Amino acid sequence: MKAAVLREINQPLSIENVSIDSPKPSEVLVQTKASGVCRSDLHYIEGSYSHDLPVILGHEVAGVVIEVGNNVSYLSPGDTVVGCISIFCGRCERCLGGRPALCLRDPIWGLLRTAEDRPKLYKGNETINQFLRLSSFAEMMLVHENALVKVDPEVPFEQLALVGCGVTTGLGAVLKTAQIEAGSTVAVIGCGGVGLSAIQGARIAGALRIIAIDTVGSKLEMAIAHGATDTVSALSNNVVEEVIEMSNGGVDYSFDALGIKVTAEQSYDIIRPGGTATIVGLIPEGVKIELDGAGFIDEKRIQGSCMGSNQFRTDMPRYIELYKQGRLKIDSLVSQRLKIDEINKALEDMKTGEIARSVIVFD
Ligand SMILES: [Zn+2]
Ligand SMILES: [Zn+2]
């Protein structure tokens, strides 16, 4: 099968022919239909997060089940599925405590395969690493059944793929991690696929004002189209002051969809006493953020969000239903559709910051 392989940091992905195992117990072979290109993939290409190489990236994905391992009862060949990096073991303290996105995870492989014997991809005698237990920049994926949710087959694959990461991450940060109240004032920093989903989460939850912040004018226009009530250009030197003035003293909830040191710090600076900042984007490994310590006496809070605090087997079908009802816009998040051979263009385009999401579509 054709796959896009990362062999060296900061180099283009190479399109290669690789082979894949067949499913062992609890595993599922999936034909990839659509895979979004997410900023997290770029983090690994640029080396701000590290991974063993070579590796096939990609984790925002929808497809169709081809074959299942001999004890898989949840799925059958022909099912439409969305993949999620939040694979759950279903037996650890986090899973049983209702927070499966924070699953302690390792037991799942103890039940099935050792760490050395995870699903494998090959090129000749060479082993190619799997990424976040998915590796969706390839025509097929071999994954554990607990990394998949069965979804409505009538929704287009590109839209389903985006639910697999960006939509769930943004929507979930607002609805599940921060759990904002109707009438809240919200600010979202970064208006790509995740930020626009956070804006929609705030709209769906009944936020009174939703302030969108980005450097790119066209993205601020998109933010308005997805529910933002106000915009602030991040090109301004006074982003924090502008948001504080606009919101009469700071917002109740802020969301940093970018995960850059400066935006993470801004997300804390723009909340009012008692407000909560939620870091949604991936802050590169080793980066420290600095906060004004005096803010804690005002009960200002800052917290992380892991993939929208998802319980993806129940959340994703709900988000897809919101889409079907027209209350969640996903079509407009798909900026361009490309073939796997054009994946490096998608990665380059992401760096310019002009687009919401590129989606790789497979025949
Ligand atoms: Zn992602
Ligand atoms: Zn678990």
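It should be emphasised that the depicted structure is a prediction, and the values quoted were computed from it without experimental measurement.

Parameters and conventions
Residues numbered from 1 in each chain as written. Chains lettered and ligands numbered in written order. Predicted model: local features only at pLDDT ≥ 70, side-chain atom pairs only at ≥ 80, totals over all residues. Helix = DSSP H or I, 4+ residues; strand = E, 2+ residues; numbered from the N terminus. Rg over C-alpha atoms; globule rule 2.2 N^0.38 Å. Buried ≥ 20, exposed ≤ 12 C-beta atoms within 10 Å, placed from the backbone. Contact = placed C-beta atoms within 7 Å. Core = buried A, V, L, I, M, F, W, Y, C linked by C-beta atoms within 7 Å. Domains from an automatic or database assignment. Pairing = 2+ DSSP bridges. Axes fitted to C-alpha atoms, helices over the stretch in contact; angles between N-to-C directions. Nonpolar A, V, L, I, M, F, W, Y, C, P; charged D, E, K, R; others polar.

Trainee: Quick rundown of the overall build of the protein chain? Include the residues and the values.
Mentor: Within the protein chain one finds 10 helices and 19 strands. Relative to its length of 363 residues, the protein chain is compact, with a C-alpha radius of gyration of 20 Å against a globular reference of 21 Å. Principal axes of the C-alpha set define a box for the protein chain whose edges measure 60 × 40 × 40 Å. Per-residue burial over the protein chain gives 52% buried out of 363 residues. Of all intrachain contacts in the protein chain linking residues separated by at least 6 positions in sequence, the fraction that spans at least 24 positions is 71%.

Trainee: Run through the environment of Gly275, naming residues and quoting values.
Mentor: Positionally, Gly275 belongs in strand E16 (residues 271-279). Put simply, Gly275 and Gly164 are 111 residues apart on the chain and 29 Å apart in space, counted from C-alpha to C-alpha.

Trainee: Outline the nonpolar core, supporting the account with residue identities and numerical values.
Mentor: Counting 117 residues, the largest nonpolar core has Ile56, Val174, Val186, Val188, Ala198, Ile211 and Ala212 as its most contacted members. Here this core takes 12 residues from helix H4 (residues 157-178), the largest share from any one element. Counting only domains with at least three residues in this core, you end up with domain 1 (2-150 + 330-361) and domain 2 (169-307). The contact partners of Val186, leaving out residues within four places of it in the chain, are Ile180, Ala202, Ala207, Arg209, Ile210, Ile211, Val251, Asp252 and Tyr253.

Trainee: Explain the sheet that holds strand E15 (residues 251-256) to me, and be specific about the residues and the numbers.
Mentor: Taken together, 6 strands build an open sheet; the order of strands is E14-E13-E12-E15-E16-E17 and the sheet is parallel. Strand pairing shows two members of the sheet lacking a second neighbour, strand E14 (230-233) and strand E17 (301-304), which therefore form its edges. Neighbour to neighbour, the strand axes of the sheet diverge by 20° on average, direction disregarded. The pairing of strand E13 (residues 209-214) with E14 spans 4 bridges and is parallel. Of the residues in E14, the one forming a bridge with Ile211 is Asp230. This element, H4, spans E15, E16 and E17 of the sheet and lies at about 125° to E16. With respect to the sheet, helix H7 (residues 239-246) is in contact with strand E12 (185-189), E13, E14 and E15, its orientation differing from that of E14 by roughly 160°.

Trainee: An account of the domain arrangement of the protein chain is needed here, citing residue identities and associated values.
Mentor: As far as domains go, the protein chain holds domain 1 (2-150 + 330-361) and domain 2 (169-307). Using only C-alpha atoms to locate each centre, domain 1 and domain 2 end up separated by 28 Å. With 16 residues of domain 1 at the interface, the matching set in domain 2 holds 13 residues. With 3 residues, helix H1 (residues 39-46) is the single largest residue contributor to the side of domain 1 that touches domain 2. Here the side of domain 1 that touches domain 2 is composed, by residue class, of 6 nonpolar, 7 polar and 3 charged.

Trainee: So, the environment of Ser19: which residues are in play, and what are the values?
Mentor: By the element assignment, Ser19 lies in strand E3 (residues 19-20). Judged by the 13 C-beta atoms lying within 10 Å of it, Ser19 is partly exposed. Taking the C-alpha atoms as reference points, Ser19 and Lys120, separated by 101 residues in sequence, lie 8.6 Å from one another.

Trainee: Can you tell me about H1, naming the residues and giving the values?
Mentor: The buried fraction of H1 is high, at 6 of 8 residues. Along H1, the residues classified as buried are Arg39, Ser40, Asp41, His43, Tyr44 and Ile45. With its phi angle positive at about 85°, Gly47 sits one or two positions after the end of H1.

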